[in-house]
Amino acid sequence: MDAVHFLPDTISFAVAALLVAASVFTSAVTAAFGVGGGIMMLVLLGLFMPVGALIPVHGMVQFGSNAGRAFHLRRAMSPAMILPFAAGAILGAFAGGSVVTELPEAVLKSVLAAVIVLLVWVKLPPLPAYRSPAMFAAGGAVSTAATMFVGATGPLVAALMARAFDDRREVVANAAMANTIQHVLKVIVFGLLGFNLAPWLPLVAAMIVSGYLGTVTGAKLLEKMDEGSFRLWFRIGVTVLVLEMLRRVFF
């Protein structure tokens, strides 16, 4: 059977191959720096698919990526974070999902572009440094509601975990688990709202597999690159992609 038959009508084989290959690199970025790959993948997906599919498909891909990372670092996860964050995230997912489907494509992608540029170029303000169930619940609600609109709120979640945990492994593990919770809720909510996941599953599965390869091998490759130079070019690259996404919407 022709490989194109396993793809949605809006995605060509060449675009699918590009996205699968890009998943390797974006997963490597997250493995090396903790955040960043999800934003780049979101922008790339935004160039090639309709807005109605953008956030749920991105959620499925990022669910696989974060679940794998959370599994490998499961011994560093904190149950005191997981339960209240999940409770808040459930409320945030349904609250955000009930609004996002009412907004037109131009508005959604404009908000998406603004938030991505903000997350990439602006330093996030510090958060209160304490481990409070109420803080995790509030963080889960706010960040999950936001991710229903903009897709990539990894930097917000990472900032929360960085203030709550001192050990880097705890930060990365709990951020990965929190993002896993967010993305699985996002997929469920969009499914309940009528989004058909089935046509996208083969592409998503291929991107998850290639992303896992990036997680395993990418960190070693990226360690050889100067971090300051990489972050500068990463920001420039994401900004260029955002501008191209907006050009496709408005021109």
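Scroll up to find the structure.
Residues numbered from 1 in each chain as written. Predicted model: local features only at pLDDT ≥ 70, side-chain atom pairs only at ≥ 80, totals over all residues. Heavy atoms only, no water.

## Examining the packing of aromatic side chains
And step 1. Considering all chains together, one arrives at one aromatic pair under this definition.
And step 2. Ring plane angle 20° and centroid distance 6.1 Å describe the contact between Phe136 and Phe165, whose orientation is recorded as stacked. In this pair, Phe136 is assigned in helix 6 (residues 133-150) and Phe165 in the loop between helix 7 (154-164) and helix 8 (168-192), connecting sequence segments 29 residues apart. Taken individually, Phe136 and Phe165 each receive the classification buried, so the pair is uniform in this respect.
And step 3. In this structure, Arg74 is placed above the aromatic ring of Phe71, and the distance from its NZ or CZ to the ring centre is 4.2 Å. (Phe/Tyr/Trp six-rings, centres within 6.5 Å; stacked < 30°, edge-to-face > 60°. Helix = DSSP H or I, 4+ residues; strand = E, 2+ residues; numbered from the N terminus. Buried < 20%, exposed > 50% of the residue type's maximum accessible area, 1.4 Å probe, protein only. Lys NZ or Arg CZ within 6 Å of the ring centre and 35° of its normal.)

## What to know about the environment of Ser12
And step 1. Secondary-structure assignment places Ser12 in the segment before helix 1 (13-33).
And step 2. Residue Ser12 is classed as partly exposed on the basis of its relative accessible area, which comes to 35%.
And step 3. Residues Ser12 and Phe48, 36 residues apart in the sequence, show an inter-C-alpha distance of 9.4 Å.
And step 4. Within the local environment of Ser12, its side chain forms a polar contact with the backbone nitrogen of Val15, the two atoms lying 3.2 Å apart. (Polar contact = N/O pair within 3.5 Å; in protein donor to acceptor, adjacent residues only side chain to side chain.)

## Notes on the packing of helix 7 against helix 8
And step 1. Helix 8 packs onto helix 7 with a crossing angle of 135° between their chain directions and a minimal axis gap of 9 Å. With respect to helix 8, the element helix 7 is oriented oblique. Remark: the crossing between helix 7 and helix 8 carries right-handed chirality. Of the residues in helix 8, those in contact with Gly154, Val157, Ala158, Met161 and Ala162 of helix 7 are Val171, Asn174, Ala175, Ala178, Asn179 and Gln182.
And step 2. Taken together, the residues of the contact of helix 7 with helix 8 sort by class into seven nonpolar, four polar and no charged. (Axes fitted to C-alpha atoms, helices over the stretch in contact; angles between N-to-C directions. Parallel < 35°, antiparallel > 145°, perpendicular 65-115°, else oblique. Left-handed = near helix turned anticlockwise from the far one by under 90°. Contact = heavy atoms within 4.5 Å. Nonpolar A, V, L, I, M, F, W, Y, C, P; charged D, E, K, R; others polar.)

## Details of helix 3 (residues 51-72)
Since the α-helix advances by 3.6 residues per turn, residues separated by three or four positions end up pointing in the same direction.
And step 1. An ideal rise of 1.5 Å per residue puts 32 Å on 22 residues; helix 3 measures up with 32 Å between its terminal C-alpha atoms.
And step 2. Taken across its 22 residues, helix 3 has 16 buried, putting it largely inside the fold. (Expected span 1.5 Å × (residues − 1).)

## Some details on the environment of Pro202
And step 1. Along the chain, Pro202 turns up in helix 9 (residues 201-222).
And step 2. Each C-alpha atom of the pair Pro202 and Pro8 lies 9.4 Å from the other, and the pair is 194 residues apart in sequence.

## Some details on the environment of Leu54
And step 1. Tracing the backbone shows Leu54 in helix 3.
And step 2. A sequence separation of 55 residues divides Leu54 from Lys109, and the C-alpha atoms of the two residues are 9.9 Å apart.
And step 3. Setting aside anything within four residues of it in sequence, one finds Leu54 in contact with Leu42, Leu45, Gly46, Met49, Lys109 and Leu112.

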